[in-house]
Amino acid sequence: MNPFILSILLLSLGLGTTLTFASSHWLLAWMGLEISTLAIIPLMSQHHHPRAVEATTKYFITQAAAAALILFASTTNAWITGQWDINFDLHFFPASMLTMALALKMGLAPVHFWLPEVLQGLDLTTGLILSTWQKLAPFILMCQIMPVNSSLITFLGVTSTLVGGWGGLNQTQLRKILAYSSIAHLGWMILVMQFNQQLALLALIIYIPMTFSTFMIFKTNSSTTVNTLAASWAKTPALTAITPMILLSVGGLPPLSGFMPKWMILQELTKQDIPLTASIAALSALLSLYFYLRVSYAMTLTISPNNLNATTPWRLQTTASTLPLAISATISAMLLPLAPATLALLSL
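Residues numbered from 1 in each chain as written. Predicted model: local features only at pLDDT ≥ 70, side-chain atom pairs only at ≥ 80, totals over all residues. Heavy atoms only, no water.

Under an unreviewed UniProt entry, the name given to the protein chain is NADH-ubiquinone oxidoreductase chain 2, and the source organism is Gadus morhua. According to the UniProt record, the Function (unreviewed entry) comment for the protein chain is "Core subunit of the mitochondrial membrane respiratory chain NADH dehydrogenase (Complex I) which catalyzes electron transfer from NADH through the respiratory chain, using ubiquinone as an electron acceptor. Essential for the catalytic activity and assembly of complex I." Its UniProt record gives the protein chain the following Subcellular location (unreviewed entry) comment, quoted word for word: "Mitochondrion inner membrane". (UniProt positions renumbered as here; feature names shortened; annotations may be inferred.)

Right, here's the structure in full:
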């Protein structure tokens, strides 16, 4: 893609999300979401492949439906209450519609069906943008309308954690595994959002570097399926040795960074006297952990069949910068000791 066009699209992505962050009016927030959607569509379809075009079309239809529902809900709310202000208390009916529309934007279960299919049709870089940056604007809007229908939010959260765990179990495509992982993580964030928005934001802040690391590892190895990961030892031995830590951190295994938000969320849910919800969420985390163990095993404990005695093939030195991956990998694996400081900051 032309660098000039690419820079315009990336700036538009930034503008759309920033506009939604800064807006206190529903129409401005809706415009920000639309700018973000329209900016990512050319990035998704830049590889002229039927899969990419299909994924782009699915994404556009889903996001257009969600945007129409947001507009309808905010107009209905303005009609009932006479207010367009986001921070003003919403009427129950438009609030439920807005929650479902934002859930559709983010890909929360049970309106998650588009996300694995769309992510499967994209390259890993665009998939990374879709899994991280595109979640920010609807996430912040969801934070701003809290607390709304508590039963609906709990239903979305529990369903997302379960679907995110079950859906990834039998997958062989890495992008679909990452899509279901994204659904499960968002489920955890939504569960705690109605009680503690700062904690939900902390979970998002830790989720982004973990997801960035995972996508960049797969991109470095040029892997899109679990089987192709077996060749990683020959390509990038040092990175392959570190990868299980990052994958298990995404799964939420102590003593890695990914355990911190899950631990704090379970603690908050128990404080709010909903132990059943906390138990279901904790058990669903085991499902996610299983498929990350499977990917770790495929990558580090298996070697792809070859007829050569040599273990390392001849290769050129990579020219790609490894610093972003190094920083995000460190954050993904080693933040747990900062948990007491984080708790102190959250309680301020």
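Structure's up, so let's keep going.
*Asks:* A description of the overall build of the protein chain should follow, citing residues and the corresponding values.
*Replies:* The number of helices and strands found in the protein chain is 16 helices and 0 strands. Taking 348 residues into account, the globule formula puts the C-alpha radius of gyration at 20 Å, and the protein chain, at 20 Å, falls close to it. Overall size of the protein chain, expressed as C-alpha extent along the three principal axes, is 75 × 50 × 35 Å. Across the 348 residues in the protein chain, those meeting the buried criterion constitute 52%. A separation threshold of at least 6 residues defines the contact pool for the protein chain, and within that pool the share at least 24 residues apart is 78%. Of the roughly 15900 Å² of accessible surface on the protein chain, a fraction of 70% belongs to carbon and sulfur atoms. (Helix = DSSP H or I, 4+ residues; strand = E, 2+ residues; numbered from the N terminus. Rg over C-alpha atoms; globule rule 2.2 N^0.38 Å. Buried < 20%, exposed > 50% of the residue type's maximum accessible area, 1.4 Å probe, protein only. Contact = heavy atoms within 4.5 Å. Areas by Shrake-Rupley, 256 points an atom, 1.4 Å probe, with all protein chains shown as cover.)

*Asks:* Explain a nonpolar patch on the surface to me, using residue names and the numbers behind them.
*Replies:* A cluster of nonpolar residues, Met 1, Phe 4, Ile 5 and Ile 8, forms a patch on the protein surface that exposes about 400 Å² of accessible area. Assessed through its relative accessible area of 41%, Ile 8 is described here as partly exposed. (Patch = residues over 30% accessible without salt bridge, like charges linked within 9 Å, V, L, I, M, F, W, Y side chains within 5 Å. Salt bridge = Lys/Arg side-chain N within 4 Å of Asp/Glu carboxyl O.)

*Asks:* Please provide a residue-by-residue account of the side chain of Lys 135, values included.
*Replies:* Looking at the element boundaries, Lys 135 is found in helix H7 (residues 133-145). Despite its burial, Lys 135 pairs with no opposite charge, the nearest such side chain being Glu 117 at 15 Å. Non-local contacts of Lys 135, meaning those with residues more than four positions away in its chain, are made with Met 106, Leu 115, Leu 130, Ser 182 and Leu 186. (Lys, Arg positive; Asp, Glu negative; His and termini not counted.)

*Asks:* Residues and numbers for the packing of helix H2 (residues 26-44) against H7, please.
*Replies:* The relative placement of two packed helices comes down to the angle between their axes together with the axis-to-axis distance. Running from amino to carboxyl end, H2 crosses H7 at an angle of 160°, the nearest separation of the two axes being 9 Å. With respect to H7, the element H2 is oriented roughly antiparallel. H7 is crossed by H2, and the crossing has left-handed handedness. Contact with H2, carried on its side by Trp 26, Ala 29, Leu 33, Ser 36, Thr 37 and Ile 40, involves Gln 134, Ala 137, Pro 138, Leu 141 and Ile 145 of H7 and no other residues of that element. (Axes fitted to C-alpha atoms, helices over the stretch in contact; angles between N-to-C directions. Parallel < 35°, antiparallel > 145°, perpendicular 65-115°, else oblique. Left-handed = near helix turned anticlockwise from the far one by under 90°.)

*Asks:* Break down helix H12 (residues 237-251) for me, with residues and values.
*Replies:* With 15 residues, H12 extends 22 Å from end C-alpha to end C-alpha; this agrees with the ideal 21 Å at 1.5 Å per step. The largest bend along H12 reaches roughly 30° and is located at Thr 243, with the proline Pro 244 sitting one to four residues downstream. Just past H12, the residue Gly 252 takes up positive phi, approximately 90°. (Expected span 1.5 Å × (residues − 1). Bend = angle between axes of the 7 residues up to and from the residue.)

*Asks:* Provide a residue-level description of empty space enclosed by the protein, including the pertinent values.
*Replies:* On inspection of all chains with the given rule, the structure shows 3 cavities of 30 Å³ or more. The space that makes up the largest cavity amounts to roughly 120 Å³. If you trace the largest cavity, you find 15 residues lining it, with Tyr 59, Gln 63, Lys 105, Gln 134 and Pro 138 closest to the centre. Contributions of two or more residues to the lining of the largest cavity are made by H2, helix H3 (50-81), helix H4 (92-106) and H7. Residue contributions to the lining of the largest cavity peak at 5 residues, all from H7. Across the lining of the largest cavity, the residue classes tally to 8 nonpolar, 5 polar and 2 charged. Considering only enclosed or pocket space, the second largest cavity measures out at about 80 Å³ in volume. Contributing to the lining of the second largest cavity are His 185, Trp 188, Met 189, Ala 203, Ile 206, Tyr 207, Met 210, Gly 258, Pro 261, Lys 262 and Ile 265. Residue assignment for the lining of the second largest cavity shows that the elements contributing at least two residues are helix H9 (174-193), helix H10 (197-220) and helix H13 (259-271). (1 Å grid on protein atoms, 1.4 Å probe; cavity = no way out; pocket = protein on both sides within 12 Å on 5 of 7 lines; lining within 4 Å. Points joined across faces, edges and corners; volume = space filled by probe spheres on them. Nonpolar A, V, L, I, M, F, W, Y, C, P; charged D, E, K, R; others polar.)

*Asks:* Talk me through the UniProt feature "transmembrane region" (unreviewed entry) in the protein chain; I want residue IDs and the actual numbers.
*Replies:* Under the UniProt annotation, the feature "transmembrane region" (unreviewed entry) is placed at residues 57-80, 92-115, 177-193, 200-218, 238-256, 276-293 and 323-346. Note that residues 92-115 is 71% helix and 0% strand, and that its end C-alpha atoms are spaced 28 Å apart. Helix makes up 100% of residues 177-193 and strand 0%, and the two end C-alpha atoms of the span are 24 Å apart.

*Asks:* Got a sec to walk through the nonpolar core? Specific residues and values, please.
*Replies:* The biggest cluster of nonpolar side chains holds 95 residues, and the ones touching the most others in it are Phe 139, Met 142 and Phe 218. Residue contributions to this core peak at 13 residues, all from H9. (Core = buried A, V, L, I, M, F, W, Y, C linked by side-chain atoms within 4.5 Å.)

*Asks:* Please set out the packing of helix H1 (residues 3-22) against H2 residue by residue, giving values where relevant.
*Replies:* One way to put it is that H1 packs onto H2 with a least axis distance of 7 Å and a crossing angle of 155°. Classified by the angle between their axes, H1 and H2 sit roughly antiparallel to one another. The interaxial crossing formed by H1 with H2 has left-handed handedness. Here Leu 6, Leu 9, Leu 10, Ser 12, Leu 13, Leu 15, Gly 16, Thr 17, Leu 19 and Thr 20 of H1 come into contact with H2, specifically with Leu 28, Ala 29, Met 31, Gly 32, Leu 33, Ile 35, Ser 36, Ala 39, Ile 40, Pro 42 and Leu 43.

*Asks:* Lay out the packing of aromatic side chains in plain terms, naming residues and giving numbers.
*Replies:* To describe a pair of aromatic rings, one takes the distance between the centres and the angle between the planes. A full pass over the atoms with the stated rule returns 3 aromatic pairs. With a centroid separation of 5.0 Å and 45° between ring planes, the pair formed by Phe 291 and Tyr 292 is classed as tilted. Judged by its relative accessible area of 0%, Phe 291 is buried. Over the ring of Trp 188 we find Lys 262; its NZ or CZ atom is 5.4 Å from the centre of that ring. (Phe/Tyr/Trp six-rings, centres within 6.5 Å; stacked < 30°, edge-to-face > 60°. Lys NZ or Arg CZ within 6 Å of the ring centre and 35° of its normal.)

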